[in-house]
Amino acid sequence: MLTANKLMPQGGGLAPVLLKRAATVELDWDVRQKSRFDITDSQGRPIGVFLPRGTAVRGGDVLVAEDGSLIRVIAAAQPVMVITHCREHGTPFDLLRAAYHLGNRHVPIELKPDHLKIEPDHVLAGMLRSMHLIVREAEEAFEPEGGAYGAHGHSHGGGAAPVGPVLHPDAYSGSHDHGHGHDHHGHGHDHSHGH
């Protein structure tokens, strides 16, 4: 089995033609956050990946095998929950509040200007809906924000690997269903807003 123990963040410094010719591998976040894992690249080669502890692999990164060959990593689509603010009853600030509460629970979270993305969790979905947010399930690449204090030898758009364990949140009561309701907003409100 071939081994790869070097990571080039976003293929930095490589000529575009080399990146285009490189073998590829699609990996979900569960695998990419590990520093040791086995893969099979697009050329059918089994490869053992051994990176420094705490290294997270991001979509667009390039692994370098011991024979000098390159393997470009693609962030695989995986089940996620996409969180947006309710345009009818909320504001974009609601996303900031949600990010704060998710961060307090050490939940890996992908931050975007107009939405958040987390791994599926029905308890968190209930909490977020009770905060007047819209939560929908999707199959998309997941690139969570890295830990603020992680020193992992490289950094790019998303930062380094999350720090610490993922903790389960407390259960929240209250309901704010943005699921599959049939009201005129298309996302089922069960609170009153004088409209």
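Scroll up for the structure.
All figures in this text were calculated on a predicted structure; none of them were measured in a lab.

Rules of the game
Residues numbered from 1 in each chain as written. Predicted model: local features only at pLDDT ≥ 70, side-chain atom pairs only at ≥ 80, totals over all residues. Heavy atoms only, no water. Helix = DSSP H or I, 4+ residues; strand = E, 2+ residues; numbered from the N terminus. Buried < 20%, exposed > 50% of the residue type's maximum accessible area, 1.4 Å probe, protein only. Contact = heavy atoms within 4.5 Å. Pairing = 2+ DSSP bridges. Axes fitted to C-alpha atoms, helices over the stretch in contact; angles between N-to-C directions. Left-handed = near helix turned anticlockwise from the far one by under 90°. Nonpolar A, V, L, I, M, F, W, Y, C, P; charged D, E, K, R; others polar. Expected span 1.5 Å × (residues − 1). Arc of directions from axis to C-beta. Core = buried A, V, L, I, M, F, W, Y, C linked by side-chain atoms within 4.5 Å.

Visitor: Help me understand the overall build of the chain, please; the structure alone is not making it clear to me.
Guide: When helices and strands are counted, the chain shows four helices and ten strands. When the helices and strands of the chain are placed in sequence order, the string is β-α-β-α-β-β-β-β-β-α-β-β-α-β. Scored against the burial criterion, the 195 residues of the chain give a buried share of 44%. For the chain, contacts bridging at least 24 residues in sequence account for 65% of all contacts bridging at least 6.

Visitor: Help me understand the pairing of strand β6 (residues 70-75) in this model?
Guide: The side chains of a regular strand alternate, first on one face of the sheet and then on the other. With five bridges connecting them, strand β2 (residues 23-27) and β6 associate as parallel partners. Residue pairing across strands places V25 opposite V73, the latter belonging to β6. As judged from the three bridges shared by strand β5 (residues 62-65) and β6, these two strands associate in the antiparallel manner. When the sheet's bridge partners are listed, V62 is paired in β6 with R72. Adjacent in sequence and paired antiparallel, β5 and β6 are bridged by four residues, among which G68 carries a positive phi angle near 90°.

Visitor: Help me understand the sheet that holds strand β3 (residues 36-40) in this model?
Guide: The strands making up a sheet are joined through hydrogen bonds of the backbone, oriented either antiparallel or parallel. The strand order across the open sheet formed by six strands is β2-β6-β5-β1-β4-β3, and the pairing between neighbours is mixed. The outermost strands of the open sheet, each flanked by one partner alone, are β2 and β3. On average, each strand axis in the sheet is tilted by 35° relative to the strand beside it, whichever way the strands run. Strand direction decides the pairing type here: strand β1 (residues 2-8) and β5, joined by four bridges, are antiparallel.

Visitor: Teacher, can you tell me more about the sheet that holds strand β10 (residues 133-140) here?
Guide: Read across the sheet, four strands follow the order β8-β9-β7-β10 without closing on themselves; strand pairing throughout is antiparallel. Among the strands making up the open sheet, the edge pair consists of β8 (109-111) and β10. Ignoring strand direction, the axes of neighbouring strands in this sheet form an average angle of 25°. Inspection of the sheet shows strand β7 (residues 78-85) paired to strand β9 (residues 116-118) by three bridges, in the antiparallel sense. Across the sheet, I83 pairs through a bridge with L116, a residue of β9. Its contacts with the sheet put helix α4 (residues 122-130) on β7, β9 and β10, and the angle it makes with β10 is roughly 140°.

Visitor: Got a minute to help me understand the packing of helix α3 (residues 93-104) against α4 in this structure?
Guide: When two helices pack together, their arrangement is captured by the angle between the axes and the distance separating the axes. For the pair α3 and α4, the least separation of the axes is 11 Å and the interaxial angle reads 145°. Of the two possible hands of crossing, α3 and α4 adopt the one that is right-handed. In this structure, α3 contributes A98, H101 and L102 to the contact, and α4 contributes L124, M127 and L128. Looking at the contact of α3 with α4 residue by residue, the class counts come to five nonpolar, one polar and no charged.

Visitor: How should I be thinking about α3 in this particular structure?
Guide: Each turn of an α-helix holds 3.6 residues, which means side chains three or four residues apart point in the same direction. Between the first and last C-alpha of α3 there are 17 Å, a value that for twelve residues agrees with the 16 Å anticipated at 1.5 Å per step. Buried residues of α3: D94, L95, A98, A99 and L102, and no others. Projection of α3 onto a plane perpendicular to its axis shows the buried side chains occupying an angular sector of 140°, all on one side. Opposite the buried face of α3, at more than 90 degrees from it, the exposed residues are L96 and Y100. Buried positions along α3 lie against β7, β8, β9, α4 and β10. One or two steps after α3, the chain reaches H106, where phi turns positive at roughly 55°.

Visitor: Explain the nonpolar core to me, please; I cannot follow it from the model alone.
Guide: A general feature of soluble globular proteins is that nonpolar side chains tend to end up buried together. Counting 17 residues, the largest nonpolar core has I83, L102, L116, I118, L124, L128 and L133 as its most contacted members. Breaking this core down by element, the ones donating at least two residues are β7, α3, β9, α4 and β10. With near-sequence residues (within four places) excluded, L116 lies in contact with M81, V82, I83, L95, A98, A99, L102, I109, E110 and L111. In this structure, L27, F37, I47 and V57 belong to the second largest nonpolar core, which totals 15 residues.

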